[in-house]
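The residues making up each chain are set out below.
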Amino acid sequence: MKFLVLLPLLVLGCAQASAVEIKPFTSDGCSAFPDGTLEQKELWLDCCRAHDYAYWKGGTFRQRLEADEALEACVAQTGEEEIALLMLAGVRVGGTPFLPTEFRWGYGWPFLRGYKALTQEELEAIRRSEAEIRTGWMSP
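Sequence order sets the numbering: in each chain, residues are counted from 1 along the sequence as written. A pLDDT threshold of at least 70 governs which residues receive local features in this predicted model, and a stricter bar of 80 or more applies before side-chain atom pairs are shown or counted, although totals over entire chains, interfaces and linings include all residues. Excluded from the side-chain calculations are hydrogens and water; all other atoms, namely the structure's heavy atoms, are used.

**Some thoughts on the overall build of the chain**
Secondary structure elements are taken from DSSP: a helix is a run of H or I of four residues or more, a strand is a run of E of two residues or more, and numbering for both begins at the N terminus. On a plain count of helices and strands, the chain comes out with five helices and zero strands. Along its sequence from the N terminus, the chain presents helices and strands in the succession α-α-α-α-α. Burial here depends on accessible area, computed with a 1.4 Å probe over protein chains only, as a share of the maximum for the residue type. Under 20% is buried, over 50% is exposed, and the range in between is partly exposed. Out of the 140 residues belonging to the chain, those deemed buried represent 32%.

**Notes on the environment of Lys116**
By secondary structure assignment, the location of Lys116 is in the loop between helix H4 (81-94) and helix H5 (120-134). For the pair formed by Lys116 and Phe61, sequence separation is 55 residues and the distance between their alpha carbons is 7.3 Å. By definition in these notes, contact holds between two residues if any of their heavy atoms fall within 4.5 Å. Excluding residues that lie within four positions of it along the chain, Lys116 makes contacts with Gly59 and Thr60.

**Structural notes on the nonpolar core**
Membership of the largest hydrophobic core comes to 21 residues, with the highest contact counts inside it found for Trp44, Leu71, Val75 and Met87. Elements represented by at least two residues in this core include exactly helix H2 (45-57), helix H3 (61-76), H4 and H5. The definition of a nonpolar core used throughout is a set of buried Ala, Val, Leu, Ile, Met, Phe, Trp, Tyr and Cys residues joined through side-chain atoms within 4.5 Å.

**Describing the packing of H3 against H4**
Between two packed helices, what matters for the description is the angle formed by their axes and the separation of those axes. Packing of H3 against H4 brings their axes to within 7 Å, and their N-to-C directions diverge by 160°. For the element pair H3 / H4, the angle class is roughly antiparallel. Viewed along their axes, H3 and H4 form a crossing whose handedness is right-handed. Contact residues: Phe61, Arg64, Leu65, Asp68, Glu69, Leu71, Glu72, Val75 and Ala76 in H3; Glu81, Ile83, Ala84, Leu85, Met87, Leu88, Val91, Arg92 and Val93 in H4. Axes, fitted as lines to C-alpha atoms, cover a helix only where it is in contact. Angles between the N-to-C directions of the axes lie from 0 to 180 degrees. Under this scheme an angle from 65 to 115 degrees is roughly perpendicular, one under 35 degrees roughly parallel, and one over 145 degrees roughly antiparallel; angles in between are oblique. By convention, the crossing between two helices is left-handed when the near helix turns anticlockwise from the far helix through less than a right angle, and right-handed when the turn is clockwise.

**Some words on H2**
End to end, H2 covers 19 Å across 13 residues, agreeing with the expected 18 Å (1.5 Å per residue, within 8%). Taken residue by residue, H2 has Leu45, Cys47, Cys48, His51, Asp52, Tyr55 and Trp56 as its buried positions. In the core, the buried residues of H2 are packed alongside H3, H4 and H5. Count one or two residues on from H2 and you reach Gly58, which has phi positive near 75°. Each helix should span, by expectation, one fewer than its residue count multiplied by 1.5 Å.

**Some details on the packing of H2 against H5**
At their nearest, the axes of H2 and H5 sit 11 Å apart, and the two run at 135° to each other. Relative to H5, the element H2 lies oblique. Mapping the contact onto sequence places Tyr53, Trp56 and Lys57 in H2 and Ile126, Ser129 and Glu130 in H5.

**Focus: the pattern of salt bridges**
Every case where a carboxyl oxygen of Asp or Glu lies within 4 Å of a side-chain nitrogen of Lys or Arg is listed as a salt bridge. Taken as a whole, this structure holds seven salt bridges when the rule is applied. The salt bridge involving Arg92 is made with Asp68; its shortest N-O contact spans 2.5 Å. Of the two residues, Arg92 sits in helix H4 while Asp68 sits in helix H3, which places them 24 residues apart along the sequence. By relative accessible area, Arg92 is classed as partly exposed at 24%. Counted as one network, the salt bridges with shared partners bring together Arg64, Asp68 and Arg92.

Structure below.
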């Protein structure tokens, strides 16, 4: 009888011990690219931070393409259309999830996650990480 009472607790404990975790969100701004112009040093920095957030989470190939196109559109809205195109080319080449870089697609997850939809467990890990940032347990 005690076994039947303890079994659910044991299963729950094992499930929590093996919970999926994502590294805390970090942003390096525009990575190896300037964050703005000489006159406006952070002109498109917010665009890059939003792009980093999408890359941190990862997901499907389509989601990456949408994140890259959103970066291009955001930078273009600053009036720098040529820079936006250059940045788009850079992230399309350098952001692949198959290189062990700190700015690859899905960099919050272990290397070689690749392209795939986020699971419910991964989405929950993202929510937990976001909640910790909002409550000040860690800094972005």
